[in-house]
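Spelled out from the first residue to the last, the chains are:
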Amino acid sequence: MARKQKEVTSSPEYICPYCFSNVDLQNVHYVCTGPTCARSFATATFSSRNANDMKYVSKDGSSEIDPEKSLFHGKDPYGSDAVVTRQHIIRNSTGLCDVCRRPVYNRVCPICHNAIPPGAEEDGNRIFVILGPKHVGKSHYIAVLINQLKNYVSTEFNGVLNAANDSTTLKYRDMYYRRLFEEKRKLLPTKSFDVSEESREPLIYYLRIFNEEKPQVYTFAFFDTAGEDLTSSDKMMSLSLNSFIARAAGIVYLVDPLQIKYINSRINVDNKPAVGPDVSDILNNICQIIRTNKKLKAKDKIDIPIAVSLTKSDVLFKAPENEEEDKVLFGQCSSLHIPREHGCYDKENFDQIDAELEEYLRRTVGDHFIQTVNGFAEHSFFAVSALGCNPVGSSLPRGVSPMRVEDPFIWLLNREGLR
Ligand SMILES: Nc1nc2c(ncn2[C@@H]2O[C@H](COP(=O)(O)OP(=O)(O)OP(=O)(O)O)[C@@H](O)[C@H]2O)c(=O)[nH]1
Ligand SMILES: [Mg+2]
Ligand SMILES: [Zn+2]
Ligand SMILES: [Zn+2]
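Residues numbered from 1 in each chain as written. Chains lettered and ligands numbered in written order. Predicted model: local features only at pLDDT ≥ 70, side-chain atom pairs only at ≥ 80, totals over all residues.

### Notes on the domain arrangement of the chain
(1) Moving on: Under the domain assignment used here, the chain contains domain 1 (6-121) and domain 2 (126-415).
(2) Moving on: The gap between the C-alpha centroids of domain 1 and domain 2 is 35 Å.
(3) Moving on: With 8 residues of domain 1 at the interface, the matching set in domain 2 holds 13 residues.
(4) Moving on: Grouping the amino acids of the side of domain 1 that touches domain 2 by side-chain chemistry returns 6 nonpolar, 2 polar and no charged. (Domains from an automatic or database assignment. Contact = placed C-beta atoms within 7 Å. Nonpolar A, V, L, I, M, F, W, Y, C, P; charged D, E, K, R; others polar.)

### Describing unusual backbone geometry
(1) Moving on: Despite not being glycine, phenylalanine 20 has its phi angle at roughly 65°, a positive value.
(2) Moving on: Mapped onto the elements of the fold, phenylalanine 20 is located in the loop between strand 1 (14-15) and strand 2 (22-23).
(3) Moving on: Notably, histidine 113 is not glycine yet its phi reads approximately 65°, a positive angle.
(4) Moving on: Within the element layout of this structure, histidine 113 appears in the loop between strand 7 (106-108) and helix 4 (120-123).
(5) Moving on: Owing to 24 C-beta atoms within 10 Å, histidine 113 belongs among the buried residues under this scheme. (Helix = DSSP H or I, 4+ residues; strand = E, 2+ residues; numbered from the N terminus. Buried ≥ 20, exposed ≤ 12 C-beta atoms within 10 Å, placed from the backbone.)

### Here we look at the sheet that holds strand 8 (residues 128-131)
(1) Moving on: Ordered by their spatial adjacency, 4 strands build an open sheet running 8-12-13-14, and the pairing between neighbours is parallel. Bordering the open sheet on either side are strand 8 and strand 14 (379-383), each of which pairs with just one other strand. Direction aside, neighbouring strands of the sheet carry axes that sit 20° apart on average.
(2) Moving on: With 5 bridges joining them, strand 12 (residues 250-255) and strand 13 (residues 306-310) adopt parallel strand pairing. Within strand 13, the residue paired with isoleucine 251 across the bridge is isoleucine 306.
(3) Moving on: Its contacts with the sheet place helix 12 (residues 347-364) against strand 13 and strand 14, and it is angled at close to 85° to strand 14. (Pairing = 2+ DSSP bridges. Axes fitted to C-alpha atoms, helices over the stretch in contact; angles between N-to-C directions.)

### As for the environment of asparagine 264
(1) Moving on: Turning to its location among the elements, asparagine 264 is positioned in helix 9 (residues 261-264).
(2) Moving on: Overall, asparagine 264 belongs to the partly exposed group, with 19 C-beta atoms counted inside 10 Å.
(3) Moving on: Note: C-alpha distance between asparagine 264 and glycine 276 (12 residues apart in sequence) is 9.5 Å.
(4) Moving on: Other than its neighbours up to four places away in sequence, asparagine 264 contacts Leu258, Gln259, Lys272 and Val275.

### Describing the site of ligand 1
(1) Moving on: Lys138, Ser139, Pro189, Thr190 and Gly227 are the nearest of the 24 residues found near ligand 1.
(2) Moving on: Class assignment of the residues belonging to the shell around ligand 1 gives a composition of 8 nonpolar, 11 polar and 5 charged. (Near = placed C-beta within 6 Å.)

### Digging into the packing of helix 5 (residues 138-156) against helix 6 (residues 166-182)
(1) Moving on: Relative orientation of the contacting elements helix 5 and helix 6 amounts to 90°, with a least axis distance of 10 Å. On the basis of their axis angle, the class for helix 5 and helix 6 is roughly perpendicular. Residues Ala143, Ile146 and Asn147 of helix 5 touch helix 6, and the partners they reach there are Tyr172, Tyr176, Tyr177, Leu180 and Phe181. (Parallel < 35°, antiparallel > 145°, perpendicular 65-115°, else oblique.)

### Some remarks on helix 5
(1) Moving on: At leucine 149, helix 5 shows its largest bend, some 50°.
(2) Moving on: Along helix 5, the residues classified as buried are Lys138, Ser139, His140, Tyr141, Ile142, Ala143, Val144, Leu145, Ile146, Asn147 and Leu149.
(3) Moving on: Backbone geometry just after helix 5 places asparagine 158 at a positive phi near 60°. (Bend = angle between axes of the 7 residues up to and from the residue.)

### Notes on the pairing of strand 8
(1) Moving on: Taking every second residue as pointing to the same face, both faces of strand 8 are buried, with Phe128 and Ile130 on one and Val129 and Leu131 on the other.
(2) Moving on: Note that strand 8 and strand 12 share 4 bridges and pair parallel. Directly across from leucine 131, in strand 12, lies its bridge partner tyrosine 253.

### Quick notes on the sheet that holds strand 11 (residues 216-222)
(1) Moving on: Across the sheet, which stays open at both edges, the 3 strands sit in the order 9-10-11 with antiparallel pairing between neighbours. Of all strands in the sheet, those bounded by a partner on one side alone are strand 9 (159-163) and strand 11. Taken over all neighbouring pairs, the strand axes of this sheet differ in orientation by 20° on average, direction set aside.
(2) Moving on: Note: strand 9 against strand 10 (residues 203-209), 5 bridges, orientation antiparallel. Within the sheet, the bridge partner assigned to glycine 159 lies in strand 10 and is isoleucine 209.
(3) Moving on: Sheet contacts for helix 5: strand 9, strand 10 and strand 11; angle to strand 9, the most-contacted strand, approximately 140°.

### What to know about the nonpolar core
Proteins that are soluble and globular tend to have nonpolar side chains buried together.
(1) Moving on: Judged by nonpolar contacts, the single largest core of 107 residues is most densely connected at Val129, Tyr141 and Tyr253.
(2) Moving on: When residues of this core are assigned to domains, at least three map to each of domain 1 (6-121) and domain 2 (126-415).
(3) Moving on: Ignoring sequence-local partners within four residues, the contact set of tyrosine 253 consists of Leu131, Gly132, Leu283, Ile306, Val308 and Ser309. (Core = buried A, V, L, I, M, F, W, Y, C linked by C-beta atoms within 7 Å.)

### Let's talk about the confidence of the model for the chain
(1) Moving on: The predicted model of the chain averages 89 in pLDDT, with 92% of residues at 70 or higher.
(2) Moving on: Predicted confidence is poor over residues 1-11, with pLDDT under 50, and the contacts of this stretch with residues over four places away or in other chains come to 7 contacts. (pLDDT = per-residue confidence, 0-100.)

As structure tokens, this is what we get:
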């Protein structure tokens, strides 16, 4: 039980991107890659009836059960749908498999048993989250952003983006890429956490940048929440979204211009959604969750950088049909028309956009929203478009041509040292 004290504090904190626990890297679990260890463990435990270990063995004694992963997936660890593990799990820090006695190297999170990558000590990890109310465009944004980061932004910054595991690769392909990029169809509304298992596991990517002497690694956990799961702080607490949000290294908070009353009543576009709830309300809930979680006082600034980003901004670039519409569109001289310099952090470009959009949102939403955003010590405003055009019905005949979707991420990565 006795743990060495000092060494623990020298390692950076590692936040598990699957369950968002704060993991002490001196106290992790391991899996043994030996192909027979799990089965040997199960049969030996079953025949000896070792009381301590019986909870790790299936009812018929043939396989090893993973109670931690079962709980993580919302399954009863003692029921018939408990998660079976094919690799034997070692729940101590000896570094040896207690079955085959060989050294083990594959670390897993002690809470949920998902993998901890080899470089976790040196790199730590930074989790970035995307939040916003219902229908704001989160799913389309995530789908397009991943594709942009993978194919363009990573090479632009001399890096590569890799999925952390096969389930991320499969989920991205099956739930997002195929439908949007190949079938050219809109994505469907995301199901609430309550009803869907699917959304519980985030898409996890590692972005490795090779500029410095040693590569920098950033972890992205894209958690596609259903808008309705963010409408009350009670709901966020009950779904454990609170620790997920409070431990983020950066937040992208999406705002749908078409759901803002002032804009909605003046703009003329197809498929116009109804006016949404006040954009400050959800952000206030998020602030409250973070303050409670981090034990901050109401007047303390929140130390997580936030990129407040207008979605669907393609609709704001059309030619005005009348004077009222002119009040809510971006004109010819908008700084959003000036491309950012590639391959580096273009501070001047982002500062101009930030200033223009702060003014725009003060005028169209109100000063109270800007005040809420000011509760974050570091914040910046952006405008993005995942699709680049307004969809016709449920299809996208011209495909996807994104605009500036990576800007908020480049800004957040710059807070974390990207040049
Ligand atoms: N014009 C335009 N419309 C968009 C864009 N992205 C999304 N939309 C529209 O907004 C709708 C909602 O987008 P989603 O990505 O499903 O929104 P969401 O935030 O994931 O919604 P929930 O999952 O229900 O919370 C889409 O069906 C599109 O009609 C965009 O870049 N431009
Ligand atoms: Mg969605
Ligand atoms: Zn073994
Ligand atoms: Zn975990």
